[in-house]
Amino acid sequence: QTLLVVEDHAPILDYITDTLSAYFTVITATNGREGLEKVARYTPDLIISDVMMPEMDGMEMTRILKENFDTCHIPVILLTAKSGVDDQIMGLESGAEAYVLKPFNMAILKTMIANMLEQRKLVLRRYRDNKEIEVSDIKFTSRDQEFIDKLIRYIEENYQDSDLSISKLVDF
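In what follows, the accompanying structure is described. (Residues numbered from 1 in each chain as written. Predicted model: local features only at pLDDT ≥ 70, side-chain atom pairs only at ≥ 80, totals over all residues. Heavy atoms only, no water.)

### Observations concerning the overall build of the protein chain
Tallying secondary structure elements over the protein chain gives seven helices and five strands in all. In the protein chain, the succession of helices and strands from N to C terminus is β-α-β-α-β-α-β-α-β-α-α-α. With the C-alpha coordinates aligned to their principal axes, the bounding extent of the protein chain is approximately 60 × 35 × 30 Å. Across the 172 residues of the protein chain, 33% fall into the buried class. A separation of at least 24 residues holds for 54% of the contacts in the protein chain among residues at least 6 apart in sequence. Counting only carbon and sulfur atoms, one obtains 52% of the accessible surface of the protein chain, whose full area is about 10,700 Å². With 19 positive and 30 negative side-chain charges, the protein chain shows a spacing of 4 Å between the two charge centroids. (Helix = DSSP H or I, 4+ residues; strand = E, 2+ residues; numbered from the N terminus. Buried < 20%, exposed > 50% of the residue type's maximum accessible area, 1.4 Å probe, protein only. Contact = heavy atoms within 4.5 Å. Areas by Shrake-Rupley, 256 points an atom, 1.4 Å probe, with all protein chains shown as cover. Lys, Arg positive; Asp, Glu negative; His and termini not counted. Charge placed at Lys NZ, Arg CZ, Asp CG, Glu CD.)

### Concerning unusual backbone geometry
Residues other than glycine predominantly adopt negative phi, and peptide bonds predominantly adopt the trans conformation. Here the residue pair Lys102 and Pro103 is connected by a cis peptide bond, since its omega of -5 degrees sits within 30 degrees of zero. Position of Pro103 among the secondary structure elements: in the loop between β5 (98–101) and α5 (106–128). The phi torsion at Thr43 lies on the positive side, around 45 degrees, for a residue other than glycine. As for its placement among the helices and strands, Thr43 is situated in the loop between α2 (32–42) and β3 (46–50). For Glu55, which is not glycine, the phi torsion reads 70 degrees and is therefore positive. Position of Glu55 relative to the elements: it lies in the loop between β3 and α3 (58–67).

What follows is the structure in structure tokens.
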């Protein structure tokens, strides 16, 4: 599994990379803009990002990732010294799955990463194995709900179209 670590402070970047590379493939970036480029190139399984960085901060990078259907599924953990409640709420509202305060405990961070990756693996396995899924078991983000609502509207508006097909739905 591949992690992307986005951090502009070299000692912290080295610490995270050195520790986690024993368990994962780790790629790095030093700001949000470079992070987006690495996501496009490598499609990591999880992203750990600092919040305050030059060029593009971690919250803006997270917002962009979560607004893009191709990357919105990638879990993001924000690491930061910004400990205010409002800062934490903003971080989570940007779409991040977790907001971890610096200094952080590496054992807790590793466990958090492992849990998020395992949860993703279980969800993918459940879909891949084509087992029945109870709608009540699925946790939707607002972005997921927006997509589902748009898809349902499209189907309702076009269901009588004899040319409607799966490939048209994919292209929609």
